[in-house]
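What the coordinates show
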Amino acid sequence: MSAEEPLFRVVRGVPTAEELAALVGAIILRSRPAVAPAPATTSAWARSGRPGNSRGWRTAGLPR
């Protein structure tokens, strides 16, 4: 593919500049790789009730 060859072309109709901009934006958005959401962090209170925690749920409500 040469540098002067277009990546896409309008085959039918006469789109406005706004319609072409929307089309290009949609193509760019779809071509990006999907980003995985960051894992949610759990609170200290939730972690305290899980197995394997040395402090345990009984001490979760006590002042430190």
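Up top is the structure these notes are about.
The following refers to the structure shown. Source: prediction; values computed, not measured.

About the thresholds
- Residues numbered from 1 in each chain as written.
- Predicted model: local features only at pLDDT ≥ 70, side-chain atom pairs only at ≥ 80, totals over all residues.
- Heavy atoms only, no water.
- Helix = DSSP H or I, 4+ residues; strand = E, 2+ residues; numbered from the N terminus.
- Buried < 20%, exposed > 50% of the residue type's maximum accessible area, 1.4 Å probe, protein only.
- Areas by Shrake-Rupley, 256 points an atom, 1.4 Å probe, with all protein chains shown as cover.
- Patch = residues over 30% accessible without salt bridge, like charges linked within 9 Å, V, L, I, M, F, W, Y side chains within 5 Å.
- Salt bridge = Lys/Arg side-chain N within 4 Å of Asp/Glu carboxyl O.

Quick notes on the overall build of the chain
Looking only at helices and strands, one finds 2 helices and 0 strands in the chain. Split into buried and exposed, the 64 residues of the chain put 3% on the buried side. Surface accessibility of the chain: about 6400 Å² in total, with carbon and sulfur atoms responsible for 61%.

Thoughts on the environment of V24
Counting through the fold element by element, V24 comes out in helix α1 (residues 17-31). Put simply, V24 and F8 are 16 residues apart on the chain and 9.6 Å apart in space, counted from C-alpha to C-alpha.

Brief notes about a nonpolar patch on the surface
Residues L7, F8, V10, L20, L23, V24, I27 and I28 make up a contiguous nonpolar surface patch of roughly 670 Å² in combined accessible area. On the secondary structure map, L20 appears in helix α1.

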